[in-house]
Amino acid sequence: EMINKSVEKFKDEVAFKYKEGPEKQIKEVTYSKYLEDVNALGTQLISMGLKNTKVAVISENRYEWALTYLAVVCGVGVIVPLDKSLPANELESLIVRSGVETIFYSQKYDETMKDIKERNTTNIRYYISMDSEKWEDGIYSQSELISMGKKSLEEGNRKYLDAEINNEEMSIMLFTSGTTAMSKAVMLSHKNICSNIMDIGSVIHIDEKDTLLSFLPLHHTFECTVGFLYPLYRGAKIAY
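Everything in this summary refers to the structure shown in the same document. (Residues numbered from 1 in each chain as written. Predicted model: local features only at pLDDT ≥ 70, side-chain atom pairs only at ≥ 80, totals over all residues. Heavy atoms only, no water.)

1. Side note on empty space enclosed by the protein
Logical step 1: Counting across every chain of the model gives two cavities of 30 Å³ or more.
Logical step 2: What the largest cavity holds in volume is close to 40 Å³.
Logical step 3: Forming the walls of the largest cavity are Tyr69, Ile172, Leu174, Leu188, Ile193, Thr221 and Cys224.
Logical step 4: Among the secondary structure elements, those contributing two or more residues to the lining of the largest cavity are β8 (170-175) and α8 (221-234).
Logical step 5: A per-class count over the lining of the largest cavity returns six nonpolar, one polar and no charged.
Logical step 6: Around the second largest cavity, the lining residues are Ser59, Asn61, Trp65, Leu82, Lys84, Pro217, Leu218 and His219. (1 Å grid on protein atoms, 1.4 Å probe; cavity = no way out; pocket = protein on both sides within 12 Å on 5 of 7 lines; lining within 4 Å. Points joined across faces, edges and corners; volume = space filled by probe spheres on them. Helix = DSSP H or I, 4+ residues; strand = E, 2+ residues; numbered from the N terminus. Nonpolar A, V, L, I, M, F, W, Y, C, P; charged D, E, K, R; others polar.)

2. Some details on the environment of Ile128
Logical step 1: Take Ile128: it is sitting in strand β6 (residues 126-129).
Logical step 2: Ile128 sits 14 residues away from Gln142 along the chain, and the two C-alpha atoms are 6.0 Å apart.
Logical step 3: In this view, Ile128 contacts Leu45, Thr102, Ile103, Phe104, Tyr105, Tyr140, Ser141, Gln142 and Leu145; residues no more than four positions away in its chain are not counted. (Contact = heavy atoms within 4.5 Å.)

3. Some remarks on the nonpolar core
The tendency in soluble globular proteins is for nonpolar side chains to be buried as a group.
Logical step 1: Core analysis: the biggest nonpolar cluster contains 54 residues, and Phe16, Tyr34, Tyr69, Leu70, Phe228 and Leu232 have the highest contact counts within it.
Logical step 2: The element best represented in this core is helix α3 (residues 63-73), accounting for nine residues.
Logical step 3: Residues contacting Phe228, with those up to four places away along its chain left out, are Phe16, Tyr34, Trp65, Ala66, Tyr69, Leu70, Leu218, Glu223 and Ile238.
Logical step 4: Within the second largest apolar cluster, 20 residues are counted, among which are Ile58, Tyr105, Ile139 and Phe175. (Core = buried A, V, L, I, M, F, W, Y, C linked by side-chain atoms within 4.5 Å. Buried < 20%, exposed > 50% of the residue type's maximum accessible area, 1.4 Å probe, protein only.)

4. Let's talk about the pattern of salt bridges
Logical step 1: The tally for this structure, following the rule as stated, stands at 14 salt bridges.
Logical step 2: Across the pair Lys27 and Glu20 runs a salt bridge, and its minimum N-O distance is 4.0 Å.
Logical step 3: Taking the relative accessible area as the measure of exposure, Lys27 reaches 35% and is therefore partly exposed.
Logical step 4: One salt bridge connects Lys151 with Glu155, and the closest N-O pair in it is separated by 3.0 Å. Each member of the pair Lys151 and Glu155 is classed as exposed.
Logical step 5: Via salt bridges that share partners, Glu60, Arg62, Glu64 and Asp131 belong to a single interconnected network. (Salt bridge = Lys/Arg side-chain N within 4 Å of Asp/Glu carboxyl O.)

Printed below as a string of structure tokens:
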């Protein structure tokens, strides 16, 4: 509901800005383009049999992280943001404990994911790269899945668009940093997050004239809420 309302109000406004390519050109993504990508990716994930499953995401702060997060929670299943600074063995432990069946990751984690895939100790069915342009060696391409989802939407697939969401069910499984013991899984719902966004709005005012630089880790609830979801609610720009 939040992203749909934001797109109604701010559709041609820039939602994300980031540098891309060898020449570090600044790329901009509008609110309407973001929603198109979210709907396409979500549609394709359901087509892959991932309805009501857990999906992990791990990367530096970037557009593809924001895209994965909303695509999963807006109609697919439970998002599991993973700490990008954890060593490989702890990542593997969290993947096993959370029971995720899909993981989105950036190029930085290619070797770690290859190792986890080869050892076959998890329930992961789909490894999805944010950086590869096509399916290769059992690794899926996020951009390719978006293209497939767009085609499916054009053909009339509405399974994702018409998905019903229970705002009190767990939609986000978050792990604490585990500074004093083993990290703990925290269950969060749409209602938890949205009530938080509304409360932030009563304290901090931003609007479509503002640009927010997001550099705190997105897997933390603070940055995810204040530096990602709240700016989207207010029509502001997020820069990575």
